[in-house]
Amino acid sequence: MATHLREDMAAQTAADICGAITSALDSDPVTRPLASLWDALAQKGDGLAAQRRALERTLVRARARLSVADARWDAETASFGRYVVNESEGRRDRPPYTRFFVGVTPSDAQAFGVDREVKQGRAWIEELGREPGSALAEKWTPRLTSATDTLETNSKEREAAMSALAMQGTSELLYIGEINVEIDKLEGALLQLFPGQPKRVASFLTATKPRRKRKDDDGEDEGPGGGEG
């Protein structure tokens, strides 16, 4: 029975196996008509692998921007807290400190997760809006709005990148399933072409077998395999 590819196999590895099968089929005049389908599968896997690389890079960049935005938000929160304390003459039991930091201190807010930081930032901005002409609002509304908007935007970018990678994983899983179906079909076709010749049939599917430590005459490891039974 033919060896199937693992469901968690990387698309590029699977594409390389398909390419090897293409070459094997194309090398024999009897099986050459079967090669085009496997060449198409190899190209499909190359495309999926390229897409994954692009999506992973997008996610890495989104995470980097979010890290910077988070650090900026924390710094602005710390500065805002110090400013409000000064405006309260160092007392935390009187306005304006009690307007903004009832139940949560500036230090507490900096330890929040991103979503909660955004929510907290919006709450401070809303409170500042109750006295739009005050010096406190004039100074801190634009600063907190900019830092919170940037944090929210970059958080959404990261979420979108993670979602795209999850969808990519589904496409790759379907790709591996497609290959495994075609492996079974190919084995059946080969058995019809070469009845009573199991070694000859197996030779076309060598690439699906797990790598073996035995080396061929050129000193190279055998095949790009990596399937499992």
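Structure's up top.
Basis of the calculations
Residues numbered from 1 in each chain as written. Predicted model: local features only at pLDDT ≥ 70, side-chain atom pairs only at ≥ 80, totals over all residues. Heavy atoms only, no water. Helix = DSSP H or I, 4+ residues; strand = E, 2+ residues; numbered from the N terminus. Rg over C-alpha atoms; globule rule 2.2 N^0.38 Å. Buried < 20%, exposed > 50% of the residue type's maximum accessible area, 1.4 Å probe, protein only. Contact = heavy atoms within 4.5 Å. Areas by Shrake-Rupley, 256 points an atom, 1.4 Å probe, with all protein chains shown as cover. Lys, Arg positive; Asp, Glu negative; His and termini not counted. Charge placed at Lys NZ, Arg CZ, Asp CG, Glu CD. Salt bridge = Lys/Arg side-chain N within 4 Å of Asp/Glu carboxyl O. Phe/Tyr/Trp six-rings, centres within 6.5 Å; stacked < 30°, edge-to-face > 60°. Lys NZ or Arg CZ within 6 Å of the ring centre and 35° of its normal. Core = buried A, V, L, I, M, F, W, Y, C linked by side-chain atoms within 4.5 Å. Expected span 1.5 Å × (residues − 1).

Undergrad: Describe the overall build of the protein, listing the residues and the values that go with them.
TA: For the protein, the count of helices and strands is 7 helices and 0 strands. Secondary structure elements of the protein occur, N-terminal to C-terminal, as α-α-α-α-α-α-α. A globule of 229 residues ought to have a C-alpha radius of gyration of about 17 Å, yet the protein, at 30 Å, is considerably larger. Its C-alpha atoms put the protein at 95 × 30 × 25 Å along the principal axes. A burial count over the protein gives 38% of its 229 residues as buried. Taking the intrachain contacts of the protein between residues at least 6 apart in sequence as the baseline, contacts between residues at least 24 apart amount to 68%. As presented, the protein carries roughly 13000 Å² of accessible surface, and 52% of it is formed by carbon and sulfur atoms. Side chains of the protein give 32 positive and 37 negative charges; the mean places of these two sets differ by 3 Å.

Undergrad: Which residues make up the pattern of salt bridges, and what values go with them?
TA: The final tally for this structure, using the stated rule, is 17 salt bridges. Linking D8 and R6 is a salt bridge whose minimum nitrogen-to-oxygen distance equals 3.1 Å. Judged by its relative accessible area of 63%, D8 falls in the exposed class. With a closest N to O distance of 2.9 Å, R130 and E127 form a salt bridge. The exposure class of R130 is exposed, given its relative accessible area of 57%.

Undergrad: I'd like a description of unusual backbone geometry, backed by residues and values.
TA: Omega for the bond connecting P95 with P96 falls within 30 degrees of zero, at 0 degrees, which places this linkage in the cis form. Relative to the assigned elements, P96 resides in the loop between α2 (35-87) and α3 (97-100). Unlike most non-glycine residues, E89 shows phi in positive territory, near 60 degrees. Tracing the backbone shows E89 in the loop between α2 and α3.

Undergrad: Break down the environment of L34 for me, citing the residues and quoting the values.
TA: When you line up the elements, L34 lands in the loop between α1 (11-26) and α2. On the accessibility criterion, L34 (29% relative accessible area) is partly exposed. When the C-alpha atoms of L34 and T22 are compared, they prove to be 8.1 Å apart, with 12 residues separating the residues in sequence. Those residues within four positions of L34 in sequence are excluded, and the remaining contacts are L25, L186, A189 and L193.

Undergrad: Let's hear about the packing of aromatic side chains: which residues, and what values?
TA: As enumerated under the stated definition, the model contains 10 aromatic pairs in all. Ring centres of Y97 and F101 lie 4.9 Å apart, and the angle between their planes is 45 degrees; on these two criteria the pair is classed as tilted. Each ring, one from F100 and one from F101, has its centre 6.4 Å from the other, and the planes form 50 degrees; the classification is tilted. We note that F100, like F101, is buried. Through successive ring pairs, a cluster of aromatic residues spans W73, F80, Y83, Y97, F100, F101, W124 and W140. Above the face of the F112 ring, R116 is positioned so that its terminal group lies 3.7 Å from the ring centre.

Undergrad: Requested: an account of the nonpolar core, with residues and values cited.
TA: Counting 27 residues, the largest nonpolar core has L5, L25, W38, Y175, I179 and L190 as its most contacted members. Where this core is concerned, the elements lending two or more residues are α1, α2 and α6 (135-193). At 8 residues, α1 tops the list of elements feeding residues into this core. F80, Y97, F112 and V114 belong to the second-largest nonpolar core, a separate cluster that totals 23 residues.

Undergrad: Mind laying out α1, listing which residues take part and the relevant values?
TA: For α1, spanning 16 residues, the distance from its first C-alpha to its last is 22 Å, which sits close to the expected 22 Å at 1.5 Å a residue. Taken residue by residue, α1 has A11, A14, A15, I17, C18, I21, T22, A24 and L25 as its buried positions. Buried residues belonging to α1 abut α2 and α6.

From the geometry alone we can't say anything about function, so treat these as descriptive.
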